[in-house]
Amino acid sequence: MRAGDMTERIALYRPVITEGASGSQIKTYEATGVYWAQISSRRDYRTDEVGEHFADATAVFLVRSSVEVDEYWQLIHEGKKYEVQTCPLNRRLGMRTLNCQRVNE
């Protein structure tokens, strides 16, 4: 991995579960930092289900192995929100691969 490949900025958010007044669980996200990343691939497509059209997008980001991240965290890149699905570590290259799914809001 060359440092020059890390040209994109991403913001990472950790999920935090708290208990509401009625005892229900409330999920919020807490910012952990802004990091340099590389986009390995990005795909936008539409799916049709029962006659309805749904936008779907995936992206793969590469970050340094020292970046703390886990599954179900969220990240924001260029104003678009993604959820981290998997984040395997490649020790040989010193990178972590973030396989992400775009969050439809």
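Residues numbered from 1 in each chain as written. Predicted model: local features only at pLDDT ≥ 70, side-chain atom pairs only at ≥ 80, totals over all residues. Heavy atoms only, no water.

Asks: I'd like a description of unusual backbone geometry, backed by residues and values.
Replies: Non-glycine residue Tyr-72 carries a positive phi angle of around 75°. Relative to the helices and strands, Tyr-72 is located in the loop between β3 (52-64) and β4 (74-77). (Helix = DSSP H or I, 4+ residues; strand = E, 2+ residues; numbered from the N terminus.)

Asks: Can you tell me about the packing of aromatic side chains, naming the residues and giving the values?
Replies: Summed over all chains, the structure comprises 1 aromatic pair. Relative to Tyr-82, the ring of Phe-61 lies with its centre 5.7 Å away and its plane at 75°, an arrangement referred to as edge-to-face. A residue pair is termed long-range when its members are at least 10 positions apart, and Phe-61 in strand β3 and Tyr-82 in strand β5 (residues 80-86) qualify at 21 residues. Phe-61 sits in the buried class, given a relative accessible area of 1%. Residue Tyr-82 is classed as buried on the basis of its relative accessible area, which comes to 2%. (Phe/Tyr/Trp six-rings, centres within 6.5 Å; stacked < 30°, edge-to-face > 60°. Buried < 20%, exposed > 50% of the residue type's maximum accessible area, 1.4 Å probe, protein only.)

Asks: Account for the pairing of strand β7 (residues 95-102), naming residues and giving values.
Replies: One ladder, built from 4 bridges, connects β5 with β7; its direction is antiparallel. Within β7, the position partnered with Thr-86 by the bridge is Asn-99. By the bridge criterion, 2 bridges tie strand β6 (residues 89-90) to β7 in an arrangement that is antiparallel. Across the sheet, Leu-89 pairs through a bridge with Arg-96, a residue of β7. Connecting β6 to the next strand, β7, in antiparallel fashion are 4 residues, including Gly-94 with a positive phi near 70°. (Pairing = 2+ DSSP bridges.)

Asks: An account of the pattern of salt bridges is requested, with residue identities and associated values reported.
Replies: Taken as a whole and assessed by the stated rule, the structure comprises 2 salt bridges. As a salt-bridge pair, Arg-14 and Glu-30 come within 3.6 Å of each other at their nearest N and O atoms. One end of the pair, Arg-14, is in strand β1 (residues 8-19); the other, Glu-30, is in strand β2 (residues 25-49), with 16 residues separating them in the sequence. Judged by its relative accessible area of 27%, Arg-14 is partly exposed. Taking relative accessible area as the criterion, Glu-30 reaches 42% and is therefore assigned partly exposed. Here Arg-14 makes a salt bridge to Glu-68, at a shortest N to O gap of 3.2 Å. Of this pair, Arg-14 sits in strand β1 while Glu-68 sits in the loop between β3 and β4, and the two are 54 residues apart along the sequence. Given a relative accessible area of 49%, Glu-68 falls into the partly exposed group. Among the charged side chains, a network of salt bridges with common partners joins Arg-14, Glu-30 and Glu-68. (Salt bridge = Lys/Arg side-chain N within 4 Å of Asp/Glu carboxyl O.)

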